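Summary of structural features
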Amino acid sequence: MEIRDVLVDIVLTILLVVSTLTLVWRVWQDLTMAVATTLMMLSLGGLFLSLGSKIWRLEESIVSRERTMRVNMEELSQTMAQKYDNTVQHIDTTVSELTRRMYR
C-alpha cells in the first residue's frame, strides 16, 4: 500500500481529531475531557485506517487468487483439448484399421 492511497484517510483522521479537540475545548473548557475525547477520536480514526488496510489486502488476495484460478483453468483447458485430440486421433486410427480389415 502506498502513502498516496492512505493520504486522504490520514488527513481526514487528523481533521477529525482537531475538530473534536476544538469542539471540546470551546464547549467545556476541560482539559481532561478534551484529551480523552481526542484520544477516542484518534483511536476511531486508527480503526478506520486499519479497516481500510485490511480491505486493501483482501482485494489484493482476491486478485491474486483470481489470477491463479485463471491460469489453472487455461492449463486445464489445454490439457483437456490435448486429451480430446488424442482420443479423436485414436478413434480415427481404430476406425481406419477396422475399415481396412473389412475391405480385405
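Now for a look at the structure at hand. Bear in mind the structure is a predicted one, so any value in this text is a computation, not a measurement.

**Observations concerning the overall build of the protein**
On a plain count of helices and strands, the protein comes out with two helices and zero strands. Taking 104 residues into account, the globule formula puts the C-alpha radius of gyration at 13 Å, and the protein, at 33 Å, lies well above it. By principal-axis analysis of the C-alpha atoms, the protein measures approximately 110 × 20 × 15 Å. Of all 104 residues assigned to the protein, the portion counted as buried reaches 11%. Approximately 9100 Å² of the protein is accessible, and the part contributed by carbon and sulfur atoms is 65%.

**A closer look at a nonpolar patch on the surface**
Nonpolar side chains collect at one region of the surface, where Leu21, Trp25, Leu31, Val35, Leu39 and Leu42 lie side by side and expose about 570 Å² of accessible area between them. Listing elements by their share of the nonpolar patch, those giving two or more residues are helix H1 (3-27) and helix H2 (31-103). Residue position: Leu42 is located in helix H2.

**Things to note about the environment of Val35**
As for its placement among the helices and strands, Val35 is situated in helix H2. For the pair Val35 and Thr79, spaced 44 residues apart in sequence, the C-alpha separation works out to 65 Å.

Reading the values: the criteria
Residues numbered from 1 in each chain as written. Predicted model: local features only at pLDDT ≥ 70, side-chain atom pairs only at ≥ 80, totals over all residues. Heavy atoms only, no water. Helix = DSSP H or I, 4+ residues; strand = E, 2+ residues; numbered from the N terminus. Rg over C-alpha atoms; globule rule 2.2 N^0.38 Å. Buried < 20%, exposed > 50% of the residue type's maximum accessible area, 1.4 Å probe, protein only. Areas by Shrake-Rupley, 256 points an atom, 1.4 Å probe, with all protein chains shown as cover. Patch = residues over 30% accessible without salt bridge, like charges linked within 9 Å, V, L, I, M, F, W, Y side chains within 5 Å. Salt bridge = Lys/Arg side-chain N within 4 Å of Asp/Glu carboxyl O.

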